[in-house]
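As a plain string of letters, each chain reads:
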Amino acid sequence: MKISVLINNFNYARFLPACIDSVLAQDYSDFEIVVVDDGSTDNSREIIAGYGERIVSILKANGGQASSFNAGFSASSGDVLCMLDSDDTFLPGKLSAIAALFQNPDVDWVFDKVTTQENSTSEGSITATIVDKRETLRGGRFPSLHVPTSGLTFHRRILSDILPMPTAKDVVLSDNYLKFAAAYLGKGLIVETPLTFQRIHNENRYTNSPKAANLRAKIMVATGVALADRYDGLKKMGQSLAAGGLAQSNLTFFPLLIEARRCAKDSKFSVAPFTIQVATKRLAGIIR
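Below is a summary of the structure that appears in this document.

Thresholds applied
Residues numbered from 1 in each chain as written. Predicted model: local features only at pLDDT ≥ 70, side-chain atom pairs only at ≥ 80, totals over all residues. Heavy atoms only, no water. Helix = DSSP H or I, 4+ residues; strand = E, 2+ residues; numbered from the N terminus. Buried < 20%, exposed > 50% of the residue type's maximum accessible area, 1.4 Å probe, protein only. Contact = heavy atoms within 4.5 Å. Areas by Shrake-Rupley, 256 points an atom, 1.4 Å probe, with all protein chains shown as cover. Salt bridge = Lys/Arg side-chain N within 4 Å of Asp/Glu carboxyl O. Phe/Tyr/Trp six-rings, centres within 6.5 Å; stacked < 30°, edge-to-face > 60°. Core = buried A, V, L, I, M, F, W, Y, C linked by side-chain atoms within 4.5 Å. Pairing = 2+ DSSP bridges. Axes fitted to C-alpha atoms, helices over the stretch in contact; angles between N-to-C directions.

## Thoughts on the overall build of the chain
Moving on, step 1. When its secondary structure is counted, the chain shows 11 helices and 10 strands.
Moving on, step 2. Taken across its 288 residues, the chain has 56% of its residues classed as buried.
Moving on, step 3. Considering only contacts within the chain whose residues lie at least 6 apart along the sequence, 79% involve residues at least 24 apart.
Moving on, step 4. Accessible area for the chain stands at about 12900 Å²; split by element, carbon and sulfur atoms hold 51% of it.

Below you can see the structure in the form of structure tokens.
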């Protein structure tokens, strides 16, 4: 089983060597590293060049994280694909653990909960729970999948039904889109044992960032609209997600409804039910 590790990078030169080296040091032999640089302006590309043929490098103009996922997938050849942000690292033994979990032919995806403790190890047995959220999503409800990008791994058969994904020069369509789409299309495993280190620093766009509140509404709206447009079975959930995002925005009531109608205009949403959802969610927030 060949594993492709898709590293997406933008101006994280100071973290990039540790990221790449953590994959090269894995004890699993059948893997490739695809590093996508999304138009960095620091010395990231010099670092990437220094690895020569040990990695596959994709140097592209800035287009956002989603475009990096698309580019990395197109250049990959693995049966299983791991996502990795360039400021994070894999713990020793991750690829071997992932390969063992995918020996189950019914597993479409594996999401491992990350650790923020840099010196953590993945020693001992792996604790994983089978998860099937397909009916939950088809019913319009949200799955609980609190795993960031670097903890996401997919079988190629399911990622082929997700990528390419819509792109934007932002993080609005990134791990949430991937997670919800994968959970809708198949079943997988949640791994409780730490396999990935997530680095928390002052340039994190979302995790523990003061900017997170401003981004959350935008992420919810964009993800909801895109999922509803892509998958007929996710129209109800996508509509609710987008409505929730708009309701969390700082728009006043009537501009909020105008924006709701704009979001629904070019999507699969029915305008009237969507605007009613937005209004109801906002009013519920006001009453509370």
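Still more to cover.
## Some points on the pattern of salt bridges
Moving on, step 1. Under the criterion given, the structure shown has eight salt bridges.
Moving on, step 2. The salt bridge partner of Arg45 is Asp37, with a shortest N-O separation of 2.7 Å.
Moving on, step 3. Classification of Asp37 by relative accessible area gives buried; the value is 0%.
Moving on, step 4. Two residues, Asp108 and Arg157, come together in a salt bridge whose shortest N-O distance is 3.0 Å. Remark: Arg157 occurs in helix α6 (residues 156–159) and Asp108 occurs in the loop between α4 (94–101) and β6 (109–112); sequence separation between them is 49 residues.
Moving on, step 5. Since its relative accessible area comes to 14%, Asp108 is described here as buried.

## Let's talk about the packing of aromatic side chains
Moving on, step 1. Counting across every chain of the model gives four aromatic pairs.
Moving on, step 2. Aromatic side chains Phe111 and Phe154 sit 5.7 Å apart centroid to centroid with 75° between the ring planes, which places their arrangement in the edge-to-face category. Here Phe111, found in strand β6, pairs with Phe154, found in strand β8 (residues 152–155); they are 43 residues apart in sequence, far enough to count as distant. Residue Phe111 shares its accessibility class with Phe154, and that shared class is buried.
Moving on, step 3. Members of the aromatic cluster, connected to one another through ring pairs, are Trp109, Phe111 and Phe154.

## A look at the nonpolar core
Moving on, step 1. Core analysis: the biggest nonpolar cluster contains 36 residues, and Trp109, Phe111, Phe154, Leu159, Ile162 and Leu178 have the highest contact counts within it.
Moving on, step 2. Counting residues per element, this core draws most heavily on helix α7 (residues 175–185), at seven residues.
Moving on, step 3. Counting residues in hydrophobic clusters, the runner-up holds 31 residues, among them Ile55, Leu84, Ala97 and Val110.

## A short note on the side chain of Ser240
Moving on, step 1. Tracing the backbone shows Ser240 in helix α9 (residues 235–247).
Moving on, step 2. Discounting residues that sit within four places of it in the chain, Ser240 has contacts with Phe142, Gln277 and Lys281.

## Considerations on the sheet that holds β6
Moving on, step 1. As summarised here, the arrangement of the eight strands in space is β3-β2-β1-β4-β8-β6-β9-β7, forming an open sheet in which the pairing is mixed. Looking along the sheet, the strands with just one partner apiece sit at the ends: β3 (56–60) and β7 (128–131). Averaged over all pairs of adjacent strands, the angle between strand axes in this sheet comes to 20°, irrespective of strand direction.
Moving on, step 2. When β6 meets strand β9 (residues 188–191), the two strands line up parallel, connected through four bridges. Considered in β9, the bridge of Val110 is made with Leu189.
Moving on, step 3. The strands touched by helix α1 (residues 16–24) within the sheet are β1 (3–9), β2 (31–38) and β4 (80–85), with β2 carrying the most contacts at an inclination of about 165°.
Moving on, step 4. With respect to the sheet, α7 is in contact with β4, β6 and β8, its orientation differing from that of β8 by roughly 40°.

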